[in-house]
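Below are the chains, spelled out letter by letter.
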Amino acid sequence: MLFLLVLTMSLHSHVVDYSNLSDIEIKNLSDEDIEHIGDSMEVYVNTDHKKLLEFAEVMLKKSAIKGDPTLAGSAYSRIGEMLKNQLNYEGAVRYYAKAYNQYKLTQESSGLGWLVLRIGNLHYKLKNYDEAIKYWDEALDIAEQNDFHFLKSVTNYNYGLVYIAKNDYPKAESYFLKQLGIHSKNLIKDSFSKQDSMRTV
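Residues numbered from 1 in each chain as written. Predicted model: local features only at pLDDT ≥ 70, side-chain atom pairs only at ≥ 80, totals over all residues. Heavy atoms only, no water.

> Tell me about helix 9 (residues 149-165), and name the residues and values.
In a regular helix each residue adds 1.5 Å, so 17 residues correspond to 24 Å; helix 9 covers 25 Å between its end C-alpha atoms and thus fits that length. L151, K152, S153, T155, N156, N158, Y159, G160, V162 and Y163 are the residues of helix 9 that are buried. Within two residues after helix 9, N167 carries a phi angle of roughly 60°, on the positive side. (Helix = DSSP H or I, 4+ residues; strand = E, 2+ residues; numbered from the N terminus. Expected span 1.5 Å × (residues − 1). Buried < 20%, exposed > 50% of the residue type's maximum accessible area, 1.4 Å probe, protein only.)

Below, the structure written as structure tokens:
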């Protein structure tokens, strides 16, 4: 919540209305504009669904103009998240699938990794545990191939939850221990990194 509050305050300090832009205006949007639209959608998915859909439409048009499927993937993913929050799970699955197809066109690792994690989370919520595990397996593969430590940590934690739900407590414990190990290892690594940087000051 604190992150959303800070991000919302930041966005309000840079208020730009990206609604109702012409195709020419969308074509001329800078990378900074696109980044701001993405940050805005992250907030609007929880606060203003009308704005989210307006900004997603801009992102989809920019994706088509620029030929960049990752922008469409981001837009579809946020719409899916909005629908999930509205308990429209069928719609969420449909838009997550659209996002998945877009990300797969470019193999954009970070966006795809977090997307398949969210798809798995949705299936976990629906008690489709084997389907959840299938998507988390893909998220973990991406995390390990790209050293996405936080994604790896969250995925192992989720495995722990699903094996509790499946009444396999030893397996759940093993995944929670893995998650703690990844988290602790990276805290230690960050600590040494900070010490090294202080030595160079």
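> An account of the confidence of the model for the protein is requested, with residue identities and associated values reported.
In this model, the protein carries a mean pLDDT of 84, and residues with pLDDT of at least 70 account for 83%. Across the protein, the secondary-structure element scoring lowest on mean pLDDT is helix 1 (residues 2-12), at 45, and the one scoring highest is helix 8 (residues 129-146), at 96. Here residues 1-15 is modelled with pLDDT under 50, and outside its nearest four sequence neighbours on either side it reaches 13 contacts, counting other chains as well. Contacts from residues 187-201, a stretch scored under 50 in pLDDT, to residues over four places away or in other chains number one contact. (pLDDT = per-residue confidence, 0-100. Contact = heavy atoms within 4.5 Å.)

> Explain the nonpolar core to me, and be specific about the residues and the numbers.
Within soluble globular proteins, side chains that are nonpolar tend to cluster in buried spots. Among the nonpolar cores identified, the biggest contains 47 residues, and L29, I37, M41, M59, Y159 and Y163 are the most heavily contacted of them. Leaving out residues up to four positions away in the same chain, M41 has contacts with L52, F55, A56, M59, S74, A75 and R78. (Core = buried A, V, L, I, M, F, W, Y, C linked by side-chain atoms within 4.5 Å.)

> Could you give an account of the side chain of K62, with specific residues and numbers?
In this fold, K62 is placed in helix 4 (residues 49-66). D31 provides the closest opposite charge to the buried, unpaired K62, separated from it by 6.5 Å. A polar contact of 3.4 Å, which involves the side chain of K62, links it to the backbone oxygen of I26. (Lys, Arg positive; Asp, Glu negative; His and termini not counted. Salt bridge = Lys/Arg side-chain N within 4 Å of Asp/Glu carboxyl O. Polar contact = N/O pair within 3.5 Å; in protein donor to acceptor, adjacent residues only side chain to side chain.)

> Tell me about the packing of aromatic side chains, residues and numbers included.
This structure, assessed with the given rule, holds nine aromatic pairs. Ring centres of Y44 and F55 lie 5.4 Å apart, and the angle between their planes is 85°; this geometry places the pair in the edge-to-face category. Of this pair, Y44 sits in helix 3 (residues 31-47) while F55 sits in helix 4, and the two are eleven residues apart along the sequence. Accessibility classification places Y44 together with F55 in one group, the buried group. Between Y157 and F176, the aromatic rings sit 5.5 Å apart at their centres with planes inclined by 55°, giving tilted as the arrangement. Highlighted residues: Y157 in helix 9 and F176 in helix 10 (residues 169-199), separated in sequence by 19 residues. Residue Y157 is classed as partly exposed on the basis of its relative accessible area, which comes to 39%. Classification of F176 as partly exposed rests on a relative accessible area of 22%. Each member of the aromatic cluster is reached from another via a ring pair, and the members are Y124, Y129, W136, Y159, Y163 and Y175. (Phe/Tyr/Trp six-rings, centres within 6.5 Å; stacked < 30°, edge-to-face > 60°.)

> Just give me the short version of the packing of helix 5 (residues 69-85) against helix 7 (residues 109-125), but keep the residues and values in it.
A pair of packed helices is characterised by two quantities: the angle between their axes and the separation of those axes. Relative orientation of the contacting elements helix 5 and helix 7 amounts to 20°, with a least axis distance of 11 Å. By the angle class used here, helix 5 and helix 7 are roughly parallel. Crossing hand, helix 5 versus helix 7: left-handed. In contact with S77, R78, E81 and K84 of helix 5, helix 7 contributes L115, R118 and L122. Looking at the contact of helix 5 with helix 7, its residues break down into two nonpolar, one polar and four charged. (Axes fitted to C-alpha atoms, helices over the stretch in contact; angles between N-to-C directions. Parallel < 35°, antiparallel > 145°, perpendicular 65-115°, else oblique. Left-handed = near helix turned anticlockwise from the far one by under 90°. Nonpolar A, V, L, I, M, F, W, Y, C, P; charged D, E, K, R; others polar.)

> Give a detailed account of the pattern of salt bridges, specifying residues and quantitative values.
A side chain of one charge can pair with a side chain of the opposite charge when the charged atoms of the two come close. According to the stated counting rule, one finds nine salt bridges in the structure shown. Of the charged contacts, one joins K104 and E138 as a salt bridge, the two residues approaching to 3.8 Å between their closest N and O atoms. Of the two residues, K104 is situated in helix 6 (residues 89-106) and E138 in helix 8; the sequence distance between them amounts to 34 residues. Three or more residues are tied together by salt bridges with common partners; here these are E42, R78 and E81.

> Tell me about helix 4, and please be specific about residues and values.
Owing to its 3.6 residues per turn, the α-helix brings residues three or four apart onto one side. With 18 residues, helix 4 should cover 26 Å at 1.5 Å per step; its first-to-last C-alpha distance of 25 Å lies within 8% of that length. Three or more residues of helix 4 are buried, namely L52, F55, A56, V58, M59, K62 and S63. The buried residues of helix 4 all sit within an arc of 160° when viewed along its axis, so they share a single face. Counted as exposed and oriented over 90 degrees from the buried face of helix 4: K50 and A64. Elements that come into contact with the buried residues of helix 4 comprise helix 2 (23-27), helix 3 and helix 5. (Arc of directions from axis to C-beta.)

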